[in-house]
Amino acid sequence: MALRFYNTLTQQTEPFTPLLDNTVRMYTCGPTVYHYVHIGNLRTFTFQDILRRWLRARGYQLNHVMNITDVEDKIIRNAAAEHKSIEEYTEVYTKAFYEDMDTLRLERPERLVKATEHIADMVAAIQKLGERGFTYVSEGSVYYRIANFPGYGKLSHNDFSGIRAGARVDVDEYDKADARDFVLWKARKDGEPGWETPLGTGRPGWHIECSVMAMKYLGETLDIHTGGVDLTFPHHENEIAQSEAITGKPFVRFWLHAEHLSIEAQKMSKSLGNFYTLRDLLGMGYAPESVRYLLASVPYRKKLNFTFEGLKAAATSIERLRNFKLRLDTDKLAAGKNEKLVERTRAAIKAFDEALDDDLNTAASLAAAFEYARDANTATDAGEFLSGNTAGALHFLERFDSVFDVLKPSARVSGLSDAEVDAMIAERNAAKKARDFVRADRIRADLAAQGIVLEDTKEGVRWKRQ
Ligand code: AMP
Ligand code: ZN
């Protein structure tokens, strides 16, 4: 069966091909850069990375846009608390986000775009909505009149026909029960940053940003739009209302939503404070590949309950495949080719591909890889795996890793705190003083294995993380 995805809009699993040519036009709601992203956010971004890689494996090219929300209520509040401009404040977390993406081997979308660099485009879009009769002004702010958009509710599958016309909401995030006219342009309040525009001095609401940047770079109808499930309503519902009111055309063909990562049965979120960042986990000594594997291993439409046991199990799973690859690279095998194993390899690749074609069923594709590794190991032990079978097995592992990307170890990231490093250095100094150079060298090597490099200077020992 062909490549297919579950589409939130139609509530069906549908065969996927791009609309125009061989290029998939895809938009992803990126992070709000008011903090480091947590591993819940990263689950959604990892799903998008697997999606990208699988679309490419299936022969498509990508035009993928992701926004960075760098102006928003929480950003403004936090920046003010730290007496910083929003640029200064968001720059740190934007940079950290790019670093986290690299650490987790998340491919960069073809375009990463910032909300604050598209204010004029947003103003133009709001003006167009005004010309078409979808807006009204109240106390200097511009609102979208949802009663004028007949399809309102079609993505979140809610019947909003009974809503109170004219009731409005100024905040960007709210519940389904609270469906109301939403803000497109917020008039500046005291102490807030604002842009002087024909709409008045103010700033855009969150929803208009994505409609505008998506259509600017991808055209009026996108192939795929992704995000976490919490964005379905109101954010994506509002994106549809804005975009379709402007163009009169379908905004997005396939809406793909990732389920949440939870911890102790609660959604991991910044506002609940129950979160780990990638940096937290690396600081505890876990490898980035383990985090990536764990986040990718549960199919994206299933809830993922984060546990440290799960993270350790991910490391073990990766180790098994690495050992299998090591064996393929180094074992001395008898000459020849076992046709039964050629067939077994073909079947494994087929099972792997079919699982990912099935709405990215990562769990089933991983199962195909592990069952194959087990069978190949058994065959090797029995002397049935011949040198002519190696290329096929390596080809499968390459295909596996073009999607999961966990086989190559990352440079070690230290799990030691600064105080622990200092304590080990003090121990090494004591060993040197006692002329126990073997011990001193051992400590230096142990630190090096954790990515800590020592430099002996006249002033004493300096160290840095690699
Ligand atoms: P935000 O920075 O809050 O706008 O979120 C960035 C992305 O992470 C969005 O696609 C959210 O839907 C997603 N997200 C937020 N919390 C979680 C979670 N606990 N699990 C999975 N995805 C999440
Ligand atoms: Zn968005």
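Residues numbered from 1 in each chain as written. Chains lettered and ligands numbered in written order. Predicted model: local features only at pLDDT ≥ 70, side-chain atom pairs only at ≥ 80, totals over all residues. Heavy atoms only, no water.

### A short note on the domain arrangement of the chain
What counts, and what does not: An automatic or database domain assignment supplies the residue ranges for each domain.
The assigned domain composition of the chain is domain 1 (12-258), domain 2 (266-404) and domain 3 (418-465). Summarising the inter-unit geometry, the C-alpha centres of domain 2 and domain 3 are found 37 Å apart.

### A few points about the packing of helix 9 (residues 308-330) against helix 12 (residues 390-404)
What counts, and what does not: Axis definition: a line fitted to C-alpha atoms, over the contacting stretch in the case of helices. Angles run 0 to 180 degrees between N-to-C directions. Only DSSP runs of H or I covering at least 4 residues are called helices, and only runs of E covering at least 2 are called strands; the numbering of each starts at the N terminus. Crossing chirality is assigned from the near helix's rotation relative to the far helix, an anticlockwise turn below a right angle marking it left-handed and a clockwise turn marking it right-handed. Throughout, a contact is declared for two residues whenever any of their heavy atoms are within 4.5 Å.
Contact geometry for helix 9 and helix 12: axes closest at 10 Å, N-to-C directions at 145°. Classified by chirality, the crossing of helix 12 by helix 9 is left-handed. When helix 9 is examined against helix 12, the residues Leu321, Phe324, Lys325, Leu328 and Asp329 are found in contact with a partner set consisting of Thr390, Ala393, Leu394, Leu397 and Phe400.

### Details of the sheet that holds strand 16 (residues 304-305)
Here is the rule we go by: Two strands pair if DSSP finds at least two bridges between them.
What the three strands build is an open sheet, ordered 15-14-16; its pairing is mixed. Across the chains shown, the open sheet's two edge strands, defined by having one partner strand only, are strand 15 (266-267) and strand 16. Bridge analysis of strand 14 (residues 261-263) against strand 16 gives two bridges, and the strand direction is parallel. Opposite Leu261, over in strand 16, you have Leu304 as the bridge partner.

### A few points about the coordination of the zinc ion (ligand 2)
Filter applied, for reference: Each metal's donors comprise the N, O and S atoms found within 2.8 Å of it (within 3.2 Å for Na, K or Ca). Water is not part of the atom list, so some coordination spheres may appear incomplete. A 1.4 Å probe rolled over the protein chains alone gives each residue an accessible area, and that area as a share of the maximum for its type sets the label: buried under 20%, exposed over 50%, partly exposed in between.
Taken together, Cys29 (SG), Cys210 (SG) and His235 (NE2) make up the protein donors of the zinc ion (ligand 2), found 2.0 to 2.2 Å from the metal. Considered as a linear motif, the donors of the zinc ion (ligand 2) on their single chain read C-x180-C-x24-H. Residue Cys29 is located in the loop between strand 3 (23-28) and helix 1 (39-57), and its partner His235 is located in helix 6 (residues 232-247); the two are separated by 206 residues in the primary sequence. Comparing Cys29 with His235, the two get one shared label, buried.

### A look at the pairing of strand 3
Rules: A crossover counts as right-handed when, viewed with the strands pointing away from the observer, the path leading from the first strand over the helix to the second turns clockwise.
With six of its six residues buried, strand 3 lies for the most part within the structure. Burial along strand 3 is two-sided: the face carrying Thr23, Arg25 and Tyr27 and the face carrying Val24, Met26 and Thr28 are both buried. What joins strand 3 to strand 4 (residues 61-68) is helix 1, and the crossover it makes is right-handed. Bridge count between strand 3 and strand 12 (residues 222-228): three bridges; the pairing is parallel. Bridge pairing links Tyr27 to His225 in strand 12.

### Quick word on unusual backbone geometry
Excluding glycine, most residues fall at negative phi; most peptide bonds, likewise, are trans. Put simply, Phe233 and Pro234 share a cis peptide bond, and its omega is 0°. When you line up the elements, Pro234 lands in helix 6. Despite not being glycine, His157 has its phi angle at roughly 55°, a positive value. Relative to the elements of secondary structure, His157 occurs in the loop between strand 7 (141-144) and strand 8 (168-169). The backbone phi angle of Leu360 is positive, close to 55°, even though this residue is not glycine. Judged by its relative accessible area of 2%, Leu360 falls in the buried class.

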